Amino acid sequence: MFEIKIEENLDKFHRQKIYPPRPGQTTPPNKKTNKRKLFHQHKWNIIKRHWRIHQDRCEQKQIQQIHVKRRQPSVEELLKITTHIQMLQHTIITLATFLANCRRIPLIWIFFRNGLSIVFNTYNLVVFLLAMAYGGPAKSPLSLGLLFLFYGYHILISFLETFLTILVYQSLNEEIRKAGPIADEWNIYITDDRIKTRLSQLSYLVNNNVKTFTLYGLININGSLIRSLISGTVTYIIILIQYSEDGEIYQVQQNHTKHK
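Since the model is a prediction, treat every value here as computed from it, not as a measurement.

Calculation criteria
Sequence order as written defines residue numbering, which begins from 1 separately in each chain. At least 70 in pLDDT is required for a residue's local features to be given in this predicted model, at least 80 for side-chain atom pairs to be given and counted, and no such filter applies to totals for whole chains, interfaces and linings, which use all residues. For the side-chain quantities, the full set of heavy atoms in the structure was used; hydrogens and water were omitted. In this text, helices come from DSSP runs of H or I with a minimum length of four residues, and strands from runs of E with a minimum of two, each type numbered from the N-terminal end. Think of it in three bands: residues with accessible area under 20% of the maximum for their type are buried, residues over 50% are exposed, and the middle band is partly exposed, with areas taken using a 1.4 Å probe on protein chains only. Contacts: residue pairs with any heavy atoms within 4.5 Å of one another. For the area figures, the Shrake-Rupley method with a 1.4 Å probe applies, and any residue is considered shielded solely by the protein chains shown. Note on definitions: angles span 0 to 180 degrees between N-to-C directions of axes, and those axes are lines fitted to C-alpha atoms, for helices only across the stretch in contact. Should an angle fall under 35 degrees it is taken as roughly parallel, and over 145 as roughly antiparallel, whereas 65 to 115 is taken as roughly perpendicular and any remaining angle as oblique. Crossing handedness: left-handed means the near helix sits turned counterclockwise from the far one by under a right angle, and right-handed means the same turn made clockwise. Amino acids are sorted into nonpolar (Ala, Val, Leu, Ile, Met, Phe, Trp, Tyr, Cys and Pro), charged (Asp, Glu, Lys and Arg) and polar (every other residue, Gly among them). A pairing counts as a salt bridge when a side-chain nitrogen of Lys or Arg comes within 4 Å of a carboxyl oxygen of Asp or Glu. UniProt positions are given in the numbering used here, feature names are shortened, and annotations may be inferred rather than shown by experiment. Arc, as used here, means the arc of the directions from the helix axis to the C-beta atoms. Each residue carries a pLDDT value, the predictor's own confidence for that position, ranging from 0 to 100. Planes of paired rings set the category: under 30 degrees apart is stacked, over 60 is edge-to-face and the rest tilted, where pairs are Phe, Tyr or Trp rings (Trp by its six-membered ring) whose centres lie within 6.5 Å.

Asker: Before we go on, may I ask you to explain the overall build of the protein chain in this structure?
Answerer: Helix and strand counts for the protein chain stand at nine helices and two strands. Counting from the amino terminus, the protein chain carries its helices and strands in the arrangement α-α-α-α-α-α-α-β-β-α-α. When burial is assessed residue by residue, the protein chain has 26% of its 260 residues classed as buried. Partitioning the contacts of the protein chain with sequence separation of at least 6, the portion at a separation of at least 24 is 73%. Accessible surface for the protein chain amounts to roughly 19,200 Å². Of this, 61% is attributable to carbon and sulfur atoms.

Right, dumping it as structure tokens:
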């Protein structure tokens, strides 16, 4: 608003050709006076004055907002808000459970595929590293950098996909559970019996209906699944190495023994 006033005043002074005199000058400027320079000086004086007025008004509004007293909600309003929160929480729990149940088969496929990818790519990487250790770099069709780049890429992609999937489900579960402790904390400071009843119902709803997402009750989708995946990968790699007598590791060891 104050910018519009500035432009209006400047246009008015420009049309009327009003220029302020120099400091100490009582007569209007003569023809030799630099009218453009005086006009710009007067323009900036107007801008500064309006800007100070605008700042003063903003400070007054801030002071008024600080001194405004907020109205405390009534008991009926708090009861209505608590009821809406309870209904919303129940809807979120139902929707999250439904979506998790619909995604069980795709999740099983994701975990199975990524688990196999991690195990066999890690096993192949170990085989090539042992081949290079026993027979030298010439025994491996790829260099050390290409080995880590190729197999490491597949291992990393499979692990990240599994990790992000688990992280999404665990974060969703934790966010839904946050309403329970908040309701319990509010229940300490509330004195009205109706609101305390609503908060107790909300806490009971969250604590008893929000459970860890599972795959048909066999596997919990949380951080423990990552630990199980890593331990299972190490176990299967050790088993494959021990029982690979007809495989590449056994042949590499036999060739290394013959050369000795």
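Asker: How should the packing of helix H6 (residues 179-189) against helix H7 (residues 193-209) be read in this particular structure?
Answerer: Two quantities define a packed helix pair, namely the angle between the helix axes and the distance between the axes. It is the contact of H6 with H7, at a shortest axis distance of 8 Å, that shows an interaxial angle of 155°. As judged from the angle between their axes, H6 and H7 are roughly antiparallel. Both H6 and H7 take part in a crossing whose hand is left-handed. In this structure, H6 uses Ala179, Gly180, Ala183, Asp184, Trp186 and Asn187 to contact H7, whose residues at the interface are Lys196, Leu199, Ser200, Leu202, Ser203, Val206 and Asn207. When its residues are assigned to classes, the contact of H6 with H7 shows six nonpolar, five polar and two charged.

Asker: Mind showing me how you'd approach the pattern of salt bridges here?
Answerer: One side chain can pair with another of opposite charge once the charged atoms of both are near each other. For the coordinates displayed, the defined rule picks out four salt bridges. Glu76 is paired through a salt bridge with Arg194; the nearest N and O atoms lie 3.1 Å apart. With Glu76 in helix H3 (residues 75-102) and Arg194 in helix H7, this residue pair connects regions lying 118 residues apart in the sequence. When its relative accessible area of 48% is taken as the criterion, Glu76 is described as partly exposed. Judged by its relative accessible area of 40%, Arg194 falls in the partly exposed class.

Asker: Help me understand the UniProt feature "transmembrane region" (unreviewed entry) in the protein chain, please; the structure alone is not making it clear to me.
Answerer: In the numbering used here, UniProt assigns the feature "transmembrane region" (unreviewed entry) to residues 111-134 and 146-169. Within the segment residues 146-169, helix and strand shares are 100% and 0% respectively, and the terminal C-alpha atoms sit 35 Å apart.

Asker: Help me understand H6, please; the structure alone is not making it clear to me.
Answerer: In an α-helix, one turn spans 3.6 residues, which is why side chains three or four residues apart end up on the same side. Among the residues of H6, those classed as buried are Ala179, Gly180, Ala183 and Asn187. Across the axial projection of H6, the buried residues extend over an arc of 100°, all falling on one side. Looking at H6, the residues exposed on the side facing more than 90 degrees away from the buried face are Pro181, Ile188 and Tyr189. Against the buried residues of H6 lie H3, helix H5 (144-177) and H7.

Asker: Help me understand the confidence of the model for the protein chain in this model?
Answerer: Low pLDDT marks regions whose predicted coordinates should not be analysed in detail. Here the protein chain shows a mean pLDDT of 75. Residues at 70 or above account for 70%. The lowest-confidence element of the protein chain is helix H9 (residues 248-259), averaging 53 in pLDDT; the highest-confidence one is H5, averaging 86.

Asker: How do you make sense of the environment of Leu125 when you look at a structure like this?
Answerer: Mapped onto the secondary structure, Leu125 falls in helix H4 (residues 104-135). Assessed through its relative accessible area of 11%, Leu125 is described here as buried. With sequence-adjacent residues up to four places away left out, Leu125 is seen in contact with Leu147, Phe148 and Tyr151.

Asker: Teacher, can you tell me more about the packing of aromatic side chains here?
Answerer: Where two aromatic rings form a pair, the distance of their centres and the angle of their planes describe that pair. If you walk through the whole model with that rule in mind, you get four aromatic pairs. Between Trp109 and Phe112 the ring centres are 6.5 Å apart and the planes differ by 35°, which places this aromatic pair in the tilted class. Of the two residues, Trp109 and Phe112 both sit in helix H4, three residues apart, roughly one turn of that helix. Relative to Phe213, the ring of Tyr169 has its centre 5.6 Å away and its plane inclined at 80°; by these criteria the two rings are edge-to-face. Highlighted residues: Tyr169 in helix H5 and Phe213 in the loop between H7 and strand S1 (214-215), separated in sequence by 44 residues. Classification of Tyr169 as buried rests on a relative accessible area of 12%.

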